[in-house]
Structures are given as C-alpha cells and as structure tokens.
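# Results of the structural survey
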Amino acid sequence: MVNPPAGTVVDSVVTRDELFDFFLVPQGVNQGTVTPTHYNVLEYNTTLKPDHLQQIAYKLCFMYYNWTGAIRVPAVCQYAHKLAFLVGQSLHRDPSPDLADLLYYL
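Bear in mind that the values here come from a model prediction, so they are computed numbers and not experimental data.

To continue, consider the packing of aromatic side chains. Following the criterion strictly, the structure yields seven aromatic pairs and no others. Judged by centre distance (5.2 Å) and plane angle (85°), the rings of Tyr58 and Phe62 are edge-to-face. Under the relative-accessibility criterion, Tyr58 is labelled partly exposed at 22%. What makes Phe62 partly exposed here is its relative accessible area of 37%.

Set out below in structure tokens:
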C-alpha cells in the first residue's frame, strides 16, 4: 500500500452531499502516512468550476515563504494562524470593545 500522490483530490463518496467539501493531499511524504486536509466551502457564489477552486487551494499550499515545498494548508491560512499566535503571545490585555462585532481574531 502506498500514499496517494500530492495533488490528489477526493470530492465524492466520502464527502457530504448537502455541502461543498473536498479532501486534498497537498504534499507528498517519504516516511509515514500522508494526511489529507478537509476543506469546507462556506459560500460558493462564483463562476469558477469546483476543479478550479481545488487547484487554487492546492497551489496556495506552495506559497508559504518559510518553506520551499508544499505545506498542509494554503499559505493565507498559515499566515493567519501564525499572526493569531503571535498576537496572543504579545497582547496581555482584553481586546477593545470596538472590536466586539468584528472578526478581529482571524
């Protein structure tokens, strides 16, 4: 048994019929088992075909500046995660009440 190659997309059989979701294997591994990333498309109001959206998600996994290959999630998600972690470490006070209705934590 071998791991699926990088770029493998599964968007049927194991996905939900009522949602637009898919699994993507963005990176290959030499040792161990590869773990696919599960994507849920929350709003789909574009003329892009699902295949094109899946290709964009795959290509964004190569855009992270700190790594020469693919990472597990698209670079914009990794940047948001890193920023939230750094802000959480450096701010030691409650957020401003003006931010109560905004998505400031992203």
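Moving on to the environment of Lys59. Here Lys59 lies in helix α1 (residues 50-60). The class of Lys59 is exposed, set by a relative accessible area of 56%. For the pair Lys59 and Pro26, spaced 33 residues apart in the sequence, the C-alpha separation amounts to 8.5 Å.

The full count for this structure, using the stated rule, is zero disulfides. Lacking any disulfide linkage, Cys61 is separated from the closest cysteine sulfur, that of Cys77, by 8.4 Å.

As a further point, take the sheet that holds strand β1 (residues 8-10). Strand order in the open sheet made by the three strands is β1-β2-β3, with antiparallel pairing throughout. Two strands close off the open sheet at either side, each with one partner strand: β1 and β3 (37-41). The average undirected angle you get between the axes of adjacent strands in this sheet is 25°. Bridging between β1 and strand β2 (residues 20-25) involves three bridges; their strand directions are antiparallel. Residue pairing for β2: Val10 is matched across the bridge by Phe23.

Here is what the cut-offs are and how they apply
- All residue numbers refer to positions counted from 1 along the written sequence of the respective chain.
- Restriction of local features to residues with pLDDT of at least 70 applies here, the model being predicted, together with a cutoff of 80 or more for giving and counting side-chain atom pairs; totals for whole chains, interfaces and linings are based on all residues.
- Note that the side-chain values use all heavy atoms of the structure and ignore hydrogens as well as water.
- Pairing of aromatic side chains requires ring centres within 6.5 Å, counting the rings of Phe and Tyr and the six-membered ring of Trp. Pairs whose planes differ by under 30 degrees are stacked, by over 60 edge-to-face, and all others tilted.
- Think of it in three bands: residues with accessible area under 20% of the maximum for their type are buried, residues over 50% are exposed, and the middle band is partly exposed, with areas taken using a 1.4 Å probe on protein chains only.
- Secondary structure elements are defined from DSSP: runs of H or I of at least 4 residues count as helices, runs of E of at least 2 residues count as strands, and each element is numbered from the N terminus.
- Criterion for a disulfide: a pair of cysteine sulfur atoms within 2.5 Å.
- Strands are treated as partners if at least two bridges between them are detected by DSSP.
- Helix axes use the C-alpha atoms of the stretch in contact, all axes being lines fitted to C-alpha atoms, and the angles between their N-to-C directions lie in the range 0 to 180 degrees.

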